[in-house]
Amino acid sequence: MSKPQDYTVGWICAVTTEYVAARAFLDEVHAGPIYVSEHDCNDYTLGKVGQHNVIIAVLPDGEYGIDSAAGVAKDMLHTFPNVRIGLMVGIGGGAPSRNHDIRLGDIVVGSPRDGKGSVFQYDFGKTIQDQSFRQTRFLDQPPTLLRTAVSGLRAQYEDSGHRLEETIGNILEKKQRLQRKYKRPDPSSDRLYQASFTHPSNTEAGCLAICGDDPSNLILRRDRTEMEDNPAIHYGTIASANQLMKDAKKRDTLAREMDILCFEMEAAGLMNHFPFLVIRGICDYSDSHKNKEWQGYAAMAAAAYAKDLLCRIIPTRVEAEKKISDILSSG
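Reading the values: rules and limits
Residues numbered from 1 in each chain as written. Predicted model: local features only at pLDDT ≥ 70, side-chain atom pairs only at ≥ 80, totals over all residues. Heavy atoms only, no water. Helix = DSSP H or I, 4+ residues; strand = E, 2+ residues; numbered from the N terminus. Rg over C-alpha atoms; globule rule 2.2 N^0.38 Å. Buried < 20%, exposed > 50% of the residue type's maximum accessible area, 1.4 Å probe, protein only. Contact = heavy atoms within 4.5 Å. Areas by Shrake-Rupley, 256 points an atom, 1.4 Å probe, with all protein chains shown as cover. Axes fitted to C-alpha atoms, helices over the stretch in contact; angles between N-to-C directions. Parallel < 35°, antiparallel > 145°, perpendicular 65-115°, else oblique. Left-handed = near helix turned anticlockwise from the far one by under 90°. Nonpolar A, V, L, I, M, F, W, Y, C, P; charged D, E, K, R; others polar. Salt bridge = Lys/Arg side-chain N within 4 Å of Asp/Glu carboxyl O. Phe/Tyr/Trp six-rings, centres within 6.5 Å; stacked < 30°, edge-to-face > 60°. Lys NZ or Arg CZ within 6 Å of the ring centre and 35° of its normal. Core = buried A, V, L, I, M, F, W, Y, C linked by side-chain atoms within 4.5 Å. Pairing = 2+ DSSP bridges.

- By the naming in an unreviewed UniProt entry, the chain is Nucleoside phosphorylase domain-containing protein, taken from Glutinoglossum americanum.

Rendered as structure tokens:
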């Protein structure tokens, strides 16, 4: 059995699909912990990524949102007191725009930009008549160690490209039972509809069957060239709230006002209390045309990026960071 004090990196997933993807990227799988805190109800997978001992935890089945994520993180620290850095890795809804050519399967990394934080809690603020939404809660940044690693990995990718698609393919070759759900879907299923064109709410039929692929209802985009990274990596603000974003018009308004790249439901519960970095694979476009077809691949893409990031960080640098439990106890 594993000793809890040997683990310094916490990795949190919101749903089982993300948990499966995260587990697939472990270089080693360790036995379960020899001790779990009395009030810790988390399920853990322990292992090694690169040179780091990592704890992977998942939210309880059927629970989502800010409070659930914070609860899982707190319980993790009760059992694993030496955790120094954290990753929130999984899927999210993209916010494509003229400035950000976001496609399904792409990756968004929460990064501060132009004075804006890496995570924006969009259900905590105020709307004033004839004015744009005003944020009244500013969330903390990821720790410097993780932001520095992001910069280094970004430079590596820009210089030499990445091999995320190849890495995912190698894993699926070894774990063939995952191929049906986690391989990259056919590119033709990546359809971005006009914001004014909504999916009927009274049907369970698939989007292609109901909404079709009439070009007049779609936002047409060029094909990516062989010289471009695919999936692409985007860096900027991630919007988080206790509600699922399924409104394309609201998506576009918030994206324009706050330069948001992605919407999700857990990160805001972590950022003011835990030094976490948020990494999201894009599985839909935060509109009424949501489906689960891209969730598996998007989770794999986010986990593949997280592994590359951890492999850039020297273990002694992590050990030099303050324990998150000490940060919390000191206020």
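## Here we look at the overall build of the chain
Then comes step 1: When helices and strands are tallied, the chain shows 10 helices and 12 strands.
Then comes step 2: Taking 2.2 N^0.38 as the reference for a compact globule, 331 residues should give roughly 20 Å; the C-alpha atoms of the chain span a radius of gyration of 19 Å, in line with that estimate.
Then comes step 3: Oriented by its inertia axes, the alpha-carbon framework of the chain measures out at about 60 × 50 × 40 Å.
Then comes step 4: Within the span of the chain, comprising 331 residues, buried residues form 53% of the whole.
Then comes step 5: Taking all contacts inside the chain whose residues are at least 6 apart in sequence as the whole, residues at least 24 apart take part in 78%.
Then comes step 6: For the chain, the computed accessible surface area is about 16100 Å², with 45% contributed by carbon and sulfur atoms.

## Focus: the packing of helix α1 (residues 16-24) against helix α8 (residues 295-311)
Then comes step 1: For the pair α1 and α8, interaxial distance at closest approach is 8 Å and the crossing angle is 45°. Taken together, the axis directions place α1 and α8 in an arrangement best described as oblique. Crossing of α1 over α8 shows right-handed handedness. Residue-level inspection shows Thr17, Glu18, Ala21 and Ala22 of α1 in contact with α8, the latter providing Gln295, Gly296, Ala299, Met300 and Ala303.
Then comes step 2: For the contact of α1 with α8, the per-class residue count stands at 5 nonpolar, 3 polar and 1 charged.

## Some details on the pattern of salt bridges
Then comes step 1: Counted by the stated rule, this structure contains 13 salt bridges.
Then comes step 2: Notably, a salt bridge pairs Arg103 with Asp101, separated by 2.7 Å at the nearest N-O pair.
Then comes step 3: Taking relative accessible area as the criterion, Asp101 reaches 30% and is therefore assigned partly exposed.
Then comes step 4: A salt bridge links Arg222 to Glu228; the shortest N-O distance between them is 2.8 Å.
Then comes step 5: Taking the relative accessible area as the measure of exposure, Arg222 reaches 46% and is therefore partly exposed.
Then comes step 6: Owing to a relative accessible area of 29%, Glu228 belongs among the partly exposed residues under this scheme.
Then comes step 7: Each of Glu18, Glu264, Glu266 and Arg280 takes part in salt bridges that share partners, so that together they form one network.

## Here we look at the environment of Phe124
Then comes step 1: Relative to the helices and strands, Phe124 resides in the loop between β7 (119-121) and β8 (125-127).
Then comes step 2: Residues Phe124 and Ser240, 116 residues apart in the sequence, show an inter-C-alpha distance of 9.7 Å.

## Structural notes on the packing of aromatic side chains
How two aromatic rings sit relative to each other is given by the distance of their centres and the angle of their planes.
Then comes step 1: According to the stated counting rule, one finds 7 aromatic pairs in the structure shown.
Then comes step 2: Plain terms: the ring middles of Tyr193 and Phe197 are 5.5 Å apart, the flat faces sit at 35° to each other, and that makes the pair tilted.
Then comes step 3: Considering the side-chain rings of Trp294 and Tyr297, the 6.2 Å spacing of their centres and the 85° angle between planes classify their relative orientation as edge-to-face. You'll find Trp294 and Tyr297 in the same group, each marked buried.
Then comes step 4: In this structure an aromatic cluster arises from ring pairing among Tyr7, Tyr44 and Phe80.
Then comes step 5: The ring of Tyr19 carries Arg23 above its face, with NZ or CZ at 5.7 Å from the centroid.

## Quick notes on the side chain of Arg103
Then comes step 1: Here Arg103 shows up in the loop between β5 (85-94) and β6 (107-110).
Then comes step 2: For Arg103, a relative accessible area of 11% translates into the label buried.

## Considerations on the nonpolar core
Then comes step 1: Counting residues in each nonpolar core, the largest one holds 84 residues, and the members touching the most others are Trp11, Leu87, Ile279, Tyr305 and Leu309.
Then comes step 2: By residue number, the principal contributor to this core is α8, which donates 12 residues.
Then comes step 3: Setting aside its immediate chain neighbours within four residues, Leu309 contacts Leu87, Leu146, Ala149, Val150, Leu153, Leu277 and Ile279.
Then comes step 4: Grouped together as the second largest cluster of nonpolar side chains are 11 residues, Phe120, Ala241, Ala255 and Ile260 included.

## Focus on unusual backbone geometry
Then comes step 1: Cis rather than trans, the peptide bond between Asn230 and Pro231 has omega equal to 10°.
Then comes step 2: Secondary-structure assignment places Pro231 in the loop between α6 (207-211) and β10 (233-240).
Then comes step 3: In this structure, Asp259 takes a positive phi of about 55° despite not being glycine.
Then comes step 4: By secondary structure assignment, the location of Asp259 is in the loop between α7 (248-258) and β11 (260-264).
Then comes step 5: By relative accessible area, Asp259 is classed as partly exposed at 28%.
Then comes step 6: Residue Ser286 is not a glycine yet carries a positive backbone phi of 55°.
Then comes step 7: In this fold, Ser286 is placed in the loop between β12 (276-284) and α8.
Then comes step 8: Classification of Ser286 as buried rests on a relative accessible area of 1%.

## Side note on the pairing of β6
Then comes step 1: The alternating pattern of β6 places Ile107 and Val109 on one face and Val108 and Gly110 on the opposite face, and all of these are buried.
Then comes step 2: Sheet topology note: the β6/β10 ladder contains 4 bridges and is parallel. Of the residues in β10, the one forming a bridge with Val108 is His234.
Then comes step 3: As defined by bridge partners, β6 adjoins β12 across 3 bridges and the pair is classed as antiparallel.

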